[in-house]
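Coordinate analysis (summary)
The lines below spell out each chain.
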Amino acid sequence: QVALAGQGGGSVQPGGSLRLSCTVVERDIYPMAWWRRAPGKDHEFVAFISRDADSTEYSDSVKDRFIISKDRAKKTMFLQMNDLRPEDTAAYSCGVIADHNDNRARAQYITWGPGLQVTVSS
């Protein structure tokens, strides 16, 4: 069973920045991703990073503002969120997925970390 420990989140004004982290409490390294869910809305894919951190993907809504990265030695994934907007307000969760699966298909994820609340408002 893979366990994930998430940290970060909080409240920030529009244009501000926040950083989220997610650590795999397990010996293996996985492809990982961030998803989010805003109140009253469906889960939304945010960003993906491959097992070896040599490939990343972003949703159009966060591309050029968010940066996903990974410290393989620490088995920790990060999401640097810049130029935050009110529409970024959501609970953010990290997930791990096996290789060669569809990282945009939420049902294929192995497990999820806790929701990290991000609130962007003035």
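For the structure, check the block above.
Residue indices begin from 1 for each chain and proceed along its sequence in written order. Thresholds applied to this predicted model are a pLDDT of at least 70 for local features of residues and 80 or more for the giving and counting of side-chain atom pairs; totals over whole chains, interfaces and linings are not thresholded and use all residues. Heavy atoms from the whole structure form the basis of all side-chain values; hydrogens and water molecules are not counted.

Bringing the environment of A53 into the picture now. Secondary structure elements are taken from DSSP: a helix is a run of H or I of four residues or more, a strand is a run of E of two residues or more, and numbering for both begins at the N terminus. Here A53 shows up in the loop between β5 (43–49) and β6 (56–58). Relative accessibility under 20% of the residue-type maximum defines a buried residue, over 50% an exposed one, and the middle range a partly exposed one, all with a 1.4 Å probe and only protein chains included. Note on A53: relative accessible area 32%, which makes it partly exposed. Taking the C-alpha atoms as reference points, A53 and R72, separated by 19 residues in sequence, lie 7.9 Å from one another.

So, on to the packing of aromatic side chains. Aromatic rings in a pair are described by how distant their centres are and how their planes are angled relative to each other. Note on aromatic contacts: the rings of Phe and Tyr and the six-membered ring of Trp form a pair at centre separations within 6.5 Å, being stacked when their planes are under 30 degrees apart, edge-to-face when over 60 apart, and tilted otherwise. One pass over the structure, following the stated rule, counts four aromatic pairs. Ring centres of W35 and W112 lie 6.1 Å apart, and the angle between their planes is 90°; on these two criteria the pair is classed as edge-to-face. One end of the pair, W35, is in strand β4 (residues 32–37); the other, W112, is in strand β10 (residues 109–112), and 77 residues separate them in sequence. Among the residues examined, W35 registers a relative accessible area of 5% and is labelled buried. Ring-pair connections join several aromatic residues into one group, and the members of that group are W35, F45, Y109 and W112. Whether a charge lies above a ring is judged from NZ of Lys or CZ of Arg, which has to be within 6 Å of the ring centre and within 35 degrees of the ring normal. Seen from the ring of Y30, R51 lies directly overhead, with NZ or CZ sitting 5.9 Å from the centre.

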